[in-house]
Amino acid sequence: MNRFINMFGGAFIAEGTESDSIYIEFLTPATDSWGGFLFAESASIDYCVISGAGMLNFDQGMSVKNSALKNFIYGVQINRGGVVLNNRIEDCQIGIHITDNLYNATIRNNAFINNQTAISIQTDDDVNAQNNYWGGVTTIEMNSGGNPKDITAIHDFYDDPSKGKADYSHWLDAPYPN
């Protein structure tokens, strides 16, 4: 059974600190999962550790920064923009799932670790995903040969010509400190 925390109106603010993060976890992920967060308006997540959810679904005006997202189906689903900055996105089926990038999402300084797919673009909008760490295997793939090109961990134009391209240039060789 999937259970969601829905926010339709008002603001959701979960702001920890570097030394005192907020933890949001499903206690028995092996037998069940919770759907995650669905935000329709303002949301700010900073210095949080969130695990075992279906997705963190947000829209323009939303941000997730300095946080760890673990064991998600979609770590973050972007539906028109937002800020995804300085996060560790780990062990997800899809790290960031982009359905619409009308307002140009900011996706920077994130570490994508052990995800089946780091970024999946499901819109014809291009996505600026520069300055991220993509994991060891993907970094080797990016370092070999010319760029841009089809990258295994990124589902975009190179997998489906009707989708936008991910600009993954200026990739990091190690996770950004967070």
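Look up: the structure comes first, before these words.
Now for a description of the structure that goes with this document. Remember, predicted model here, so these are calculated numbers, not experimental data.

What counts, and at which threshold
- Residues numbered from 1 in each chain as written.
- Predicted model: local features only at pLDDT ≥ 70, side-chain atom pairs only at ≥ 80, totals over all residues.
- Heavy atoms only, no water.
- Phe/Tyr/Trp six-rings, centres within 6.5 Å; stacked < 30°, edge-to-face > 60°.
- Helix = DSSP H or I, 4+ residues; strand = E, 2+ residues; numbered from the N terminus.
- Buried < 20%, exposed > 50% of the residue type's maximum accessible area, 1.4 Å probe, protein only.
- Pairing = 2+ DSSP bridges.
- Axes fitted to C-alpha atoms, helices over the stretch in contact; angles between N-to-C directions.
- Contact = heavy atoms within 4.5 Å.
- Salt bridge = Lys/Arg side-chain N within 4 Å of Asp/Glu carboxyl O.

Focus on the packing of aromatic side chains
Taken as a whole and judged by the stated rule, the model has three aromatic pairs. On the basis of an interplanar angle of 10° and a centroid distance of 4.7 Å, the ring pair of F112 and W134 is categorised as stacked. Here F112, found in strand 15 (residues 111-113), pairs with W134, found in the loop between strand 17 (127-128) and helix 1 (136-143); they are 22 residues apart in sequence, far enough to count as distant. For the pair F112 and W134, a shared accessibility class is recorded, and that class is buried. Each ring, one from Y168 and one from W171, has its centre 5.8 Å from the other, and the planes form 40°; the classification is tilted.

Focus on the environment of F26
Within the element layout of this structure, F26 appears in the loop between strand 3 (22-25) and strand 4 (34-39). A C-alpha to C-alpha distance of 5.6 Å links F26 and G52, two positions 26 residues apart in sequence.

Some remarks on the sheet that holds strand 15
Taking strand neighbours across the sheet as the criterion, the five strands line up as 3-6-9-12-15 in an open arrangement whose pairing is parallel. Each of the sheet's edge strands pairs with one partner strand only, and the pair in question is strand 3 and strand 15. Geometrically, the sheet is characterised by an average inter-axis angle of 10° between neighbouring strands, direction not taken into account. Bridge count for strand 12 (residues 88-90) against strand 15 is three bridges, and the pairing is parallel. Bridge assignment links E90 to a residue of strand 15, and that residue is I113.

What to know about the side chain of H97
Position of H97 among the secondary structure elements: in strand 13 (residues 94-100). Classification of H97 by relative accessible area gives buried; the value is 9%. Other than its neighbours up to four places away in sequence, H97 contacts Y74, V76, Q77, I78, S120 and Q122.

Comments concerning the environment of G52
Of note, G52 is situated in the loop between strand 6 (48-51) and strand 7 (53-58). On the accessibility criterion, G52 (7% relative accessible area) is buried. With 27 residues separating them in the primary sequence, G52 and E25 have C-alpha atoms 6.3 Å apart.

A closer look at the pattern of salt bridges
Proximity of charged atoms lets side chains of opposite charge pair with each other. Under the definition given, this model contains one salt bridge. E90 is the partner of R88 in a salt bridge, and the nearest nitrogen-oxygen pair spans 3.0 Å.

As for the pairing of strand 8 (residues 62-65)
Where strand 5 (residues 42-46) and strand 8 come together, four bridges link them in parallel fashion. Bridge pairing in strand 8 places D46 opposite K65. Alignment of strand 8 against strand 11 (residues 83-85), held across three bridges, turns out to be parallel. Paired with K65 across the bridge in strand 11 is L85.

That is the geometry; function is a separate question.
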